[in-house]
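Next come the chains, spelled out residue by residue.
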Amino acid sequence: MKKGFIIIALSLLMGLGITSCGNKASLVGTWIEPAVENSVFGETGFTLEKDGTVTPINMGYMEYTTWEKVGDQLILRGNYNGTNPHAFADTMWIDEITEEKLVLKDFGNYSVTYQRKVE
């Protein structure tokens with residue numbers, strides 16, 4: 001009986017390990033949102049570096065500086081350099097990530113889809 005229980009427990013643990021492996025796509029890289037018609041900035045986005053720094057791409061007054069992944073959240077920190085300069089942190093849920101696509105959602109209904117830019 002004990003042996004059967006141990007085998008079942010190990011099988012369940014192995015199954016959980018396999019299903020948790022899922023998609024291992026990396027956030028590191030350049031992510032762009034294709035330009036919309038009449039866009040002043042063209043394509044916008046950011047490059048997430050391995051060292052936790054961010055290079056913004058045509059983000060206007062928002063100057064991202066650092067990033068981190070906490071659970072299923074992506075936190076982008078930086079400075080807003082517009083009429084009321086201040087530091088900020090954007091926290092978005094990682095809704096989907098593949099090698100080609102990153103979908104971020106906020107706490108409401110806003111969602112943005114980025115495409116990985118091959119360099």
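Residues numbered from 1 in each chain as written. Predicted model: local features only at pLDDT ≥ 70, side-chain atom pairs only at ≥ 80, totals over all residues. Heavy atoms only, no water.

**Focus: the nonpolar core**
As a reminder of what qualifies: Residues enter a nonpolar core if they are buried and are Ala, Val, Leu, Ile, Met, Phe, Trp, Tyr or Cys, with the set joined through side-chain atoms within 4.5 Å. Think of it in three bands: with a 1.4 Å probe and only protein chains considered, a residue is buried below 20% of the maximum accessible area for its type, exposed above 50%, and partly exposed in between. Put simply, DSSP marks the helices as runs of H or I at least four residues long and the strands as runs of E at least two long, and each gets a number from the N terminus on. In this analysis, two residues are considered to be in contact whenever any of their non-hydrogen atoms come within 4.5 Å of each other.
Within the largest apolar cluster, 19 residues are counted, with the highest numbers of intra-cluster contacts made by L27, F46, L48, L74, L76, L102 and L104. Breaking this core down by element, the ones donating at least two residues are β2 (44–48), β4 (62–70), β5 (73–80), β6 (86–97), β7 (101–105) and β8 (111–116). The element contributing the most residues to this core is β6, with four residues. Sequence-distant contacts of L27, defined by excluding residues within four places in its chain, comprise L48, W67, K69, L74, I94, I97 and L102.

**A word on the environment of T65**
Mapped onto the secondary structure, T65 falls in strand β4. Between the alpha carbons of T65 and G52 there is a distance of 8.5 Å; along the sequence they are 13 residues apart. For T65, the residues in contact, after removing those within four places along its chain, are G52, T53, V54, R77, G78 and N79.

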